[in-house]
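Each chain, written out:
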Amino acid sequence: MKNRSLISINDFSKEEHLKILELAAEFEKDSRQQILTKHVIASLFFEPSTRTRLSFESAISMLGGHIVGFTDASSTSVKKGESLRDTIKTVSNYADLIVMRHPFDGSARFASEVADVPIINAGDGSNQHPTQTLLDLYSIQQTQNTLENLTIGFVGDLKYGRTVHSLLMALSNFNCKFHFVAPSFLQIPEQYQMFLKNKGLEFHTLSNIHDVIPDVDILYMTRIQRERFSDPSEYEKVKDSYELKRDDLSTSKDNMQVLHPLPRVNEINIDVDDSGKGYYFQQALNGVYVRQAIVSLILGLKK
Amino acid sequence: MKELRVSAIEKGTVIDHIPAKSVMKVVKILDLENSENTVLIGANLDSKKLVKKGIIKVSNKFFKAHEINKISLVAPEASLTIIKNFDVKEKTIVKVPKQISGIVKCRNSKCITNHENIETVFNVDTDCESLKLKCKYCEKVMEKDEIEFS
């Protein structure tokens, strides 16, 4: 993986995904290895992102790396009209690796074509967020001790949720079964259903979360995103479609865990947090180890 | 004697069996507006195969396959005839290319190609029944009837 960019989850093979997870487990045991002391990482966040940015910066800092960059494009030459091409070409001179979040779809792919150093996509619009997918994979593996033959329930905004789409693609390599729980107009798009059909994987589309809780190993909750609705009244109709409570989990399997990419709004009641089933804060912490693994592999500091 | 509605050319390329409504799109895709060669354009000609068709003749010009295959998006049944000395030397049919660069606009308004000076690139999926284009950058898929030329 040395010197390669990570733009889309499909850029890396199943074996490479597993390699990243294996190394993340090593970092979970020792996240303070001083292996990045000679490296400068650029963190270019063209739009706000609290968790992803802090997770990357925390991961790099713990390994002794130096971070340059910005958290808001309004304080940069972008405001003067500088193109993304020129920003990336310039910053390539200052850093060994660029972590980039940008509001436009495809910006990371373009950046990887013009940069002289590898790019890690920290989210390009509604397109890809591969490090989130890898930390989700790691979290599933940590809770289930495997990624193979699991039953996964996805709940909420499955139409627009990029985390769901990417995770689905990654999990399709592990013979999993899927339940998609959403209001009808937020159901998983046809192209992903076709993708699963073509791979011969079992899936079901439903609207009632209680129908799937007893069957799943992982319940992956997502927020119904207000910003996706052009008509606010449509959002009002569905915003509280799902609110997972502790009592709802009484029928779940012993190994079942609830994941969420965060932030949550109403979809998981706080009484789930200490139920032994709510894994989402540990999931966020896992992001640090996974990002340490990705950075180390791309910089060739680990094999 | 049959009337020749579009003059014969001595040397060059004849693109025939273009759907009538796509003639000007083919002109644009092949950038014939800026050609220094003689270009003869026939539109709304009677056709047994297409009912109405277009035909374009370009003197002294022999297109490369990757150039001509771009028109498959708007004229999938077009034929290509190479003329030398008023004689037909070679006849081929356009093929759908695996990748289309620079001529199609991404319909995703949030795609980076609509905000930076970037040549668009689409991977063409011809495995499915209807042709689909997938943007190399934003990864969104366009159906054939959604295609807009830049």
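Presented here is a report on the structure given in the accompanying data block. (Residues numbered from 1 in each chain as written. Chains lettered and ligands numbered in written order. Predicted model: local features only at pLDDT ≥ 70, side-chain atom pairs only at ≥ 80, totals over all residues. Heavy atoms only, no water.)

This paragraph deals with the overall build of chain B. Counting its secondary structure elements, chain B contains two helices and eleven strands. The linear arrangement of helices and strands in chain B, starting from the amino end, is β-α-β-β-α-β-β-β-β-β-β-β-β. In terms of overall dimensions, chain B has a C-alpha envelope of 55 × 30 × 25 Å along the principal axes. Sequence-distant contacts in chain B: of pairs separated by 6 or more residues, those separated by 24 or more amount to 59%. Here chain B displays about 9000 Å² of accessible surface, and carbon together with sulfur accounts for 46% of that area. Treating the 27 positive side-chain charges of chain B as one cloud and the 21 negative ones as another, the clouds have centres 2 Å apart. (Helix = DSSP H or I, 4+ residues; strand = E, 2+ residues; numbered from the N terminus. Contact = heavy atoms within 4.5 Å. Areas by Shrake-Rupley, 256 points an atom, 1.4 Å probe, with all protein chains shown as cover. Lys, Arg positive; Asp, Glu negative; His and termini not counted. Charge placed at Lys NZ, Arg CZ, Asp CG, Glu CD.)

All names here are of chain B. Counting buried residues in strand 1 (residues 11-19) gives seven out of nine residues, a clear majority hidden from the surface. Two strands pair when backbone bridges link them, and strand 1 and strand 3 (residues 51-59) are joined in this way by six bridges, in the antiparallel orientation. In the sheet register, Val 14 faces strand 3, and the bridge partner there is Lys 57. (Buried < 20%, exposed > 50% of the residue type's maximum accessible area, 1.4 Å probe, protein only. Pairing = 2+ DSSP bridges.)

Moving on: the packing of helix 3 (residues 84-92) of chain A against helix 4 (residues 107-114) of chain A. Residue and element names in this part refer to chain A. Viewed as axis vectors pointing N to C, helix 3 and helix 4 meet at an angle of 50 degrees, and their least axial separation amounts to 9 Å. The angle between the axes of helix 3 and helix 4 places the two elements in the oblique class. Considering how the two elements wind past one another, helix 3 and helix 4 form a crossing that is right-handed. Residues Leu 84, Arg 85, Ile 88 and Lys 89 of helix 3 form the contact with helix 4, whose own contacting residues are Ser 107, Phe 110, Ala 111 and Val 114. Residues that form the contact of helix 3 with helix 4 fall into these classes: five nonpolar, one polar and two charged. (Axes fitted to C-alpha atoms, helices over the stretch in contact; angles between N-to-C directions. Parallel < 35°, antiparallel > 145°, perpendicular 65-115°, else oblique. Left-handed = near helix turned anticlockwise from the far one by under 90°. Nonpolar A, V, L, I, M, F, W, Y, C, P; charged D, E, K, R; others polar.)

Right, let's get into the sheet that holds strand 9 (residues 257-259) of chain A. Residue and element names in this part refer to chain A. Strands sit in the order 7-6-5-8-9 across an open sheet of five strands; the sheet is parallel. Every interior strand has two partners, whereas the edge strands, strand 7 (203-206) and strand 9, have only one. Ignoring strand direction, the axes of neighbouring strands in this sheet form an average angle of 20 degrees. Examined bridge by bridge, strand 5 (residues 151-155) and strand 8 (residues 218-221) share four bridges and lie parallel to one another. Residue pairing for strand 8: Phe 154 is matched across the bridge by Tyr 220. With respect to the sheet, helix 6 (residues 162-171) is in contact with strand 5, strand 6 (177-181) and strand 8, its orientation differing from that of strand 5 by roughly 165 degrees.

Next up on the list: the nonpolar core. Core analysis: the biggest nonpolar cluster contains 64 residues, and A:Phe154, A:Leu171, A:Phe178 and A:Phe180 have the highest contact counts within it. Counting residues per element, this core draws most heavily on helix 9 (residues 280-298) of chain A, at eight residues. Apart from residues lying up to four places away in sequence, A:Phe180 is in contact with A:Phe154, A:Leu158, A:Leu168, A:Gln187, A:Ile188, A:Leu196, A:Phe203, A:His204, A:Thr205 and A:Leu206. Core analysis: the next-biggest nonpolar cluster, separate from the first, contains 56 residues, A:Ala73, B:Ile56, B:Cys138 and B:Ile147 among them. (Core = buried A, V, L, I, M, F, W, Y, C linked by side-chain atoms within 4.5 Å.)

Applying the stated rule across the entire model yields eight aromatic pairs over all chains. Relative to A:Phe178, the ring of A:Phe154 lies with its centre 6.2 Å away and its plane at 25 degrees, an arrangement referred to as stacked. Of this pair, A:Phe154 sits in strand 5 while A:Phe178 sits in strand 6; the two residues are 24 residues apart in sequence, bridging distant segments of the chain. With 5.3 Å between their ring centres and 65 degrees between their planes, A:Tyr280 and A:Phe281 make a pair best called edge-to-face. Members of the aromatic cluster, joined through ring pairs, are A:Phe154, A:Phe178, A:Phe180, A:Phe203 and A:Tyr220. For the cation-ring pair, B:Lys84 lies above B:Phe62, with the distance from its terminal atom to the ring centre recorded as 5.2 Å. (Phe/Tyr/Trp six-rings, centres within 6.5 Å; stacked < 30°, edge-to-face > 60°. Lys NZ or Arg CZ within 6 Å of the ring centre and 35° of its normal.)

Of the volumes computed, that of the largest pocket is approximately 1500 Å³. What lines the largest pocket is a set of 39 residues, and nearest its centre among them are A:Gln191, A:Tyr192, B:Glu139, B:Lys140 and B:Val141. Looking at the lining of the largest pocket element by element, the count peaks at six residues for helix 7 (residues 190-198) of chain A. Taken together, the residues of the lining of the largest pocket sort by class into twelve nonpolar, eleven polar and 16 charged. In terms of lining, the second largest pocket is formed by 36 residues, of which the most central are A:Arg101, A:Arg162, A:Arg223, A:Gln225 and A:Leu262. Of all the secondary-structure elements, those providing two or more residues to the lining of the second largest pocket are helix 2 (50-62), helix 5 (130-144), helix 6 and helix 9 of chain A. When the residues that make up the lining of the second largest pocket are grouped by side-chain class, the tally is ten nonpolar, 15 polar and eleven charged. (1 Å grid on protein atoms, 1.4 Å probe; cavity = no way out; pocket = protein on both sides within 12 Å on 5 of 7 lines; lining within 4 Å. Points joined across faces, edges and corners; volume = space filled by probe spheres on them.)

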